[in-house]
Amino acid sequence: MGVPESDASGSKPNFHPECIHYDHYASWVDFFNIHVCAYNMKDHMDEKAAKPSDVDKDTWDRLDALLKYWIYNTISLELAHTIMKPGASALDMWKRLQEIFLDNRTTRPLYLEEQFNNTCACLLQRH
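Keep in mind that what you see is a predicted model, and the values were worked out from it rather than measured.

A. Expanded view of the overall build of the protein. Counting its secondary structure elements, the protein contains 5 helices and 0 strands. When the elements of the protein are put in sequence order from the N terminus, they spell out α-α-α-α-α. Among the 127 residues that make up the protein, the fraction classed as buried is 32%. Of the contacts formed within the protein by residues at least 6 apart in sequence, a portion of 63% connects residues at least 24 apart. When the accessible surface of the protein is summed, it comes to about 8,600 Å², and 53% of that surface belongs to carbon and sulfur atoms.

So, in C-alpha cells, the structure goes:
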C-alpha cells in the first residue's frame, strides 16, 4: 500500500453520481472499487486485507480520511447523515452502506408494492 500519488492533494475521484439509491448502488460500488484499486487503498475497504506494517498511523488515518471524503462526496446528503458516526472508519461506513442497500432485499419489494398501490389509489381518487 502506498500514498495515492496522483491524488495526494485529497481531491475526490473523477466520478460523482448525484446520489446513490437502490437501483444504482451496484454501479456506484463498481466505480468506487475501481478508484480504491487504482489508488492502492483496498486494505482500507476490505477487513480481510492485512494492514501493511510499513505504514505509520498518521498516514493510515490520512488515507482513511481521504476514502471517507470520497464516500461522503459521492452519496446524497441524507445518506451521509444516515451513515455518519464519530470515529467511524471508511470500512465502517462502507459496511453501513452495504447494510442499507443489501440487507433490505426482502423488504424492498413490499415497500415498492405499497408505493405503487398508494400511487394507484391516489390516481383513482382524482378521476
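Continuing now.
B. Geometry of the packing of aromatic side chains. The final tally for this structure, using the stated rule, is 7 aromatic pairs. For the ring pair tyrosine 25 and tryptophan 28, a centre distance of 6.3 Å and an interplane angle of 25° mean the geometry is stacked. Here tyrosine 25 and its partner tryptophan 28 are both found in helix H1 (residues 25-38), 3 residues apart, which amounts to about one turn of the helix. The class of tyrosine 25 is buried, set by a relative accessible area of 8%. Ring centres 5.4 Å apart and planes at 35° place the aromatic pair phenylalanine 32 and tryptophan 94 in the tilted group. Here phenylalanine 32 is found in helix H1, whereas its partner tryptophan 94 is found in helix H4 (residues 90-102), with 62 residues between them in sequence. In this structure, phenylalanine 32 and tryptophan 94 share a single accessibility class: buried. Of the aromatic side chains, those joined through ring pairs into one cluster are Tyr25, Trp28, Phe32, Tyr39, Trp70, Trp94 and Phe101.

C. Representation of the environment of histidine 24 in the model. With respect to the helices and strands, histidine 24 occurs in the segment before H1. Histidine 24 sits 77 residues away from phenylalanine 101 along the chain, and the two C-alpha atoms are 9.9 Å apart.

D. Spotlight on the nonpolar core. Membership of the largest hydrophobic core comes to 24 residues, with the highest contact counts inside it found for Trp28, Phe32, Met41, Met45, Leu67, Ile71 and Leu97. For this core, the secondary structure elements donating two or more residues are H1, helix H2 (57-72), helix H3 (77-83) and H4. Examining the composition of this core, we find that 6 residues originate from one element, H4, more than from any other.

E. Region of interest: the pattern of salt bridges. Summed over all chains, the structure comprises 3 salt bridges. In this structure, lysine 57 engages aspartate 61 in a salt bridge whose closest nitrogen and oxygen atoms are separated by 2.6 Å. Placement of both lysine 57 and aspartate 61 in helix H2 is noted, with a separation of 4 residues, approximately one turn of the helix. Between glutamate 99 and arginine 96 there is a salt bridge, with the nearest N and O atoms lying 3.3 Å from each other. Residue glutamate 99 and its partner arginine 96 are located together in helix H4, separated by 3 residues, close to a single helical turn. Taking the relative accessible area as the measure of exposure, glutamate 99 reaches 40% and is therefore partly exposed.

Reading guide: rules and limits
- Residues numbered from 1 in each chain as written.
- Predicted model: local features only at pLDDT ≥ 70, side-chain atom pairs only at ≥ 80, totals over all residues.
- Heavy atoms only, no water.
- Helix = DSSP H or I, 4+ residues; strand = E, 2+ residues; numbered from the N terminus.
- Buried < 20%, exposed > 50% of the residue type's maximum accessible area, 1.4 Å probe, protein only.
- Contact = heavy atoms within 4.5 Å.
- Areas by Shrake-Rupley, 256 points an atom, 1.4 Å probe, with all protein chains shown as cover.
- Phe/Tyr/Trp six-rings, centres within 6.5 Å; stacked < 30°, edge-to-face > 60°.
- Core = buried A, V, L, I, M, F, W, Y, C linked by side-chain atoms within 4.5 Å.
- Salt bridge = Lys/Arg side-chain N within 4 Å of Asp/Glu carboxyl O.

Scope: geometric values only; no functional claims are made or implied.
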